[in-house]
Amino acid sequence: AIDERDNPPRAAHTLLTAARMRPQDADLVFRAGIALQRVGRLDFAAEAFAQVARLRPQRVDAWLGQGQCLLRMGQTEAAGDAFAQALRIDPDHIEAMLGRYDAQPATPAGGEERLRLMRRVCELAPSPQRFTDLAGVYGNLGRIDDCHAALEQALALDPDYGPARWQRFQLPRTQSPD
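Let me begin by describing the structure that accompanies this report. These numbers were taken from a predicted model, which means no experiment stands behind them. (Residues numbered from 1 in each chain as written. Predicted model: local features only at pLDDT ≥ 70, side-chain atom pairs only at ≥ 80, totals over all residues. Heavy atoms only, no water.)

### Brief notes about the overall build of the chain
In terms of regular secondary structure, the chain is built from ten helices and zero strands. Element order for the chain, N to C, with α for helix and β for strand: α-α-α-α-α-α-α-α-α-α. Dimensions of the chain, computed from the C-alpha atoms along their principal axes, are close to 65 × 30 × 25 Å. Residue burial in the chain is summarised as follows: out of 178 residues, 44% are buried. In the chain, the proportion of contacts linking residues at least 24 apart, taken out of those at least 6 apart, comes to 42%. (Helix = DSSP H or I, 4+ residues; strand = E, 2+ residues; numbered from the N terminus. Buried < 20%, exposed > 50% of the residue type's maximum accessible area, 1.4 Å probe, protein only. Contact = heavy atoms within 4.5 Å.)

### A word on the pattern of salt bridges
Here the structure, examined in full by the defined rule, presents twelve salt bridges. Among the salt bridges present, the one from Asp-61 reaches Arg-59, with a minimum N-O distance of 2.7 Å. Arg-116 is the partner of Glu-113 in a salt bridge, and the nearest nitrogen-oxygen pair spans 2.8 Å. Taken together, the residues Glu-113 and Arg-116, both in helix H7 (residues 108-124) and three residues apart, mark about one turn of the helix. With a relative accessible area of 47%, Arg-116 lands in the partly exposed category. Overlapping salt bridges bring together Asp-27, Arg-56, Arg-59 and Asp-61 as one network. (Salt bridge = Lys/Arg side-chain N within 4 Å of Asp/Glu carboxyl O.)

### Quick word on the state of the cysteines
The tally for this structure, following the rule as stated, stands at zero disulfides. With no disulfide of its own, Cys-147 lies 12 Å from the sulfur of Cys-122, the closest cysteine sulfur. (Disulfide = S-S within 2.5 Å.)

### Topic: helix H3 (residues 42-55)
Its 14 residues place the ends of H3 20 Å apart at the C-alpha level, agreeing with the 20 Å of an ideal helix rising 1.5 Å per residue. Those residues of H3 that sit buried are Leu-42, Ala-45, Ala-46, Ala-48, Phe-49, Ala-50, Gln-51, Val-52 and Ala-53. Of the surrounding secondary structure, the elements contacted by the buried residues of H3 are helix H2 (26-38) and helix H4 (60-72). (Expected span 1.5 Å × (residues − 1).)

### Brief notes about the side chain of His-148
Tracing the sequence through the fold places His-148 in helix H9 (residues 144-157). In this structure, His-148 is in contact with Arg-168, Leu-171, Pro-172 and Arg-173, ignoring residues within four places of it in sequence.

### Here we look at the packing of H9 against helix H10 (residues 162-170)
Running from amino to carboxyl end, H9 crosses H10 at an angle of 150°, the nearest separation of the two axes being 9 Å. Considering the angle they form, H9 stands roughly antiparallel to H10. Crossing angle aside, the handedness with which H9 passes H10 is left-handed. Together, Cys-147, His-148, Leu-151, Glu-152, Ala-154 and Leu-155 of H9 and Ala-164, Arg-165, Gln-167 and Arg-168 of H10 make up the contact between the two elements. Class assignment of the residues belonging to the contact of H9 with H10 gives a composition of five nonpolar, two polar and three charged. (Axes fitted to C-alpha atoms, helices over the stretch in contact; angles between N-to-C directions. Parallel < 35°, antiparallel > 145°, perpendicular 65-115°, else oblique. Left-handed = near helix turned anticlockwise from the far one by under 90°. Nonpolar A, V, L, I, M, F, W, Y, C, P; charged D, E, K, R; others polar.)

This is how it looks when you write it as structure tokens:
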């Protein structure tokens, strides 16, 4: 048995070798992907997760792992596609939503998609941090009143949440007229 925590580089090498000998074993290939991701071999890990996704297209964690590796490698469009595939399988998968959020380009369309995703995340798993992130998206879109409302929601959950208090302090009180 391989204990991936004792010696992560050795475990990654051993699992990669085993996965190459048994490429149809989705569980083994997935374990290799996780081990490779832990040691920073993101290129090999992304390929392992892609292989698992080809073997078992409905396996959300394979798409999620692939997206995470691609995002860390700076391949945001491909990462966004992987996260989108995970969301087609499980539309309410929070990690996939957050990954897709992070993969969005700094464009108006990307901003609207970030807003849609973060609003849904806040519905499914509200937290002061997520409402503060939502406020940031609203702010980037110039929606200052909505930004204030999101910060109020963050502070309703935790009145002492520093980032929300600071962001609220820095904002103008109302949206300026066009």
